[in-house]
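# A look at the structure
Listed here are the chains, written in short residue letters.
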Amino acid sequence: MPARLDEKLEPIFQDVLHRNPGESEFHQAVHEVLETLGPVLVKYPEFAEKKVIQRICEPERQIIFRVPWQDDKGEIHINRAFRVEFNSALGPYKGGMRFHPSVYLGIIKFLGFEQIFKNALTGLPIGGGKGGSDFDPKGRSDDEIMRFCQSLMTELYRHLGEYTDVPAGDIGVGGREIGYLFGQYKRITNRYESGVLTGKGLDWGGSRARTEATGYGTVFFTQEMLKARGDSLDGKTVVVSGSGNVAIYAIEKAHQLGAKVIACSDSGGIIVDEKGIDLATVKRLKEVERRRISAYTEAHKHAKYVEDGNIWSVPCDVALPCATQNELNGNDAKTLVENGCIAVAEGANMPTTPEGIQIFQEASLAYGPGKAANAGGVATSALEMQQNASRDSWTFAYTEKRLEDIMIEIHKSSFETAEEFGSPGNYVLGANITGFIKVARAMDAMGLI
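These remarks concern the structure in this document. (Residues numbered from 1 in each chain as written. Predicted model: local features only at pLDDT ≥ 70, side-chain atom pairs only at ≥ 80, totals over all residues. Heavy atoms only, no water.)

### Digging into the sheet that holds strand β3 (residues 93–99)
Read across the open sheet, the five strands follow the order β1-β2-β4-β3-β5; overall the sheet is mixed. Bordering the open sheet on either side are β1 (61–70) and β5 (165–168), each of which pairs with just one other strand. Sheet twist, expressed as the mean angle between neighbouring strand axes with direction ignored, is 20°. (Pairing = 2+ DSSP bridges. Helix = DSSP H or I, 4+ residues; strand = E, 2+ residues; numbered from the N terminus. Axes fitted to C-alpha atoms, helices over the stretch in contact; angles between N-to-C directions.)

Now the structure itself:
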């Protein structure tokens, strides 16, 4: 069961439930933040008096619209799209667009709410927002995806701007989709406003290391958690859920830091390779051929593929959930602890259920929540915005160093805040409170708006 809330916070949460019925992921994300804020209201009672928490829990703007488009056979389809502009106290709304059949308002609100605090942790001037559509890009031709993106942007463009709202990619939205979205924005507005979308191609305003940033950042954060315990990733065995962009580059950076990744997955099953996952094969299957991870065994006969397997049953030192929300439950957490896992860092957004988090914390694992551990992606998006604003282009090495420095600072501030508020090593509390206080102070300074 989720932890009980402070008596001042319980009525706030009940109001969130009442005002947002049926949005279970959003409820979960709000509860996870609220359960850490009791000590903040004791130290800063003015935040309660000015109802800062209630204001943060209500998006500044929610946009819902239809997206009509035509497939290659001439059939008309109608999808629904969303953009939730949650909080702009620290800067323009910043957060990705997700194209997946599971997308509905509750998913977008959960992601946007998380984004407020994640973005605050980066120390960069960006607010929190999120968007997406229930459109499924799988199996669609490039032309179909182009027509869908152009139709979506024909409505969304009026709500965007480099000083207003800056979307990026997410699940189902990569460089191809960002290109089509940016092209339509440019066509409609007659402005080459590079900073209005991030995740762009390197030839037209994109940032080197953006593709790698979320996965790399998660591993940098993991390394810092282990350093704080007098340890490191060197020689550790690692499992990584997923085999998409975040997972691939988490594997790459883990290998670079001396770890051995022995398992990864996709929606069909898991691959276990005790010799260490061959990243070149995974990249070829997923980034070039767009095939299932089961094909890994064609090139590596010694590896084992388990259809519908549970990656968290594979014994490891470090676990990196990099797939999707609520993929790691209480039973999975127990299994990891029993198998000797010492660290978990979230490359995905809210991949661990409340029961799983509780088990990790009771076992005193080094547990890095997504809003801290996977903030590298949005941090590098903000760095892309900086380059666009200055009409500049940075090297991969310079951008990666900026990313590493940001992740080290996120770890440091989360670690120190946890100690300050009496919960040493509790990165959930440390990250939530650090992000919340930054946003709350900005909101207070700007008055009741």
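### Considerations on the pairing of β5
Neither face of β5 is left uncovered, since the one carrying Asp165 and Pro167 and the one carrying Val166 and Ala168 both have all their residues buried. When β3 meets β5, the two strands line up parallel, connected through four bridges. Bridging from a neighbouring strand, tyrosine 93 pairs with aspartate 165 of β5. (Buried < 20%, exposed > 50% of the residue type's maximum accessible area, 1.4 Å probe, protein only.)

### Here we look at the sheet that holds strand β7 (residues 260–266)
One open sheet accounts for seven strands, arranged β9-β8-β7-β6-β10-β11-β12; its pairing is mixed. In this open sheet, the two edge strands, each paired with only one partner strand, are β9 (304–307) and β12 (366–368). Between one strand axis and the next, the sheet turns through 15° on average, direction left out of account. Sheet topology note: the β7/strand β8 (residues 269–272) ladder contains four bridges and is antiparallel. Along β8, the bridge assignment pairs alanine 263 with valine 272. Each of β6 (237–241), β7 and β10 (318–321) is contacted by helix α10 (residues 245–256), which is oriented at about 175° to β7, the strand it contacts most. (Contact = heavy atoms within 4.5 Å.)

### Topic: the packing of aromatic side chains
For the structure on display, the rule yields 19 aromatic pairs. Where phenylalanine 47 meets phenylalanine 436, the ring centres are 5.8 Å apart and the plane angle is 85°; that geometry is what we call edge-to-face. Within this pair, whereas phenylalanine 47 is found in helix α4 (residues 45–49), its partner phenylalanine 436 is found in helix α18 (residues 427–445), the two being separated by 389 residues in sequence. For phenylalanine 47, a relative accessible area of 3% corresponds to the buried category. Aromatic pair phenylalanine 360 and tyrosine 367: ring centres 5.7 Å apart, planes at 35°, arrangement tilted. Positioned over the ring face of tyrosine 216 is lysine 253, at 4.5 Å from the centre of the ring. (Phe/Tyr/Trp six-rings, centres within 6.5 Å; stacked < 30°, edge-to-face > 60°. Lys NZ or Arg CZ within 6 Å of the ring centre and 35° of its normal.)

### Focus on the packing of α10 against helix α11 (residues 279–288)
The contact between α10 and α11 brings their axes to 11 Å, and the two run at 165°. With respect to each other, α10 and α11 are oriented roughly antiparallel. Here α10 runs over α11; the crossing is left-handed. Here Ile248, Tyr249, Ile251 and Glu252 of α10 lie close against α11, whose contacting residues are Leu279, Val282, Lys283, Lys286 and Glu287. Of the residues belonging to the contact of α10 with α11, the class tally is five nonpolar, no polar and four charged. (Parallel < 35°, antiparallel > 145°, perpendicular 65-115°, else oblique. Left-handed = near helix turned anticlockwise from the far one by under 90°. Nonpolar A, V, L, I, M, F, W, Y, C, P; charged D, E, K, R; others polar.)

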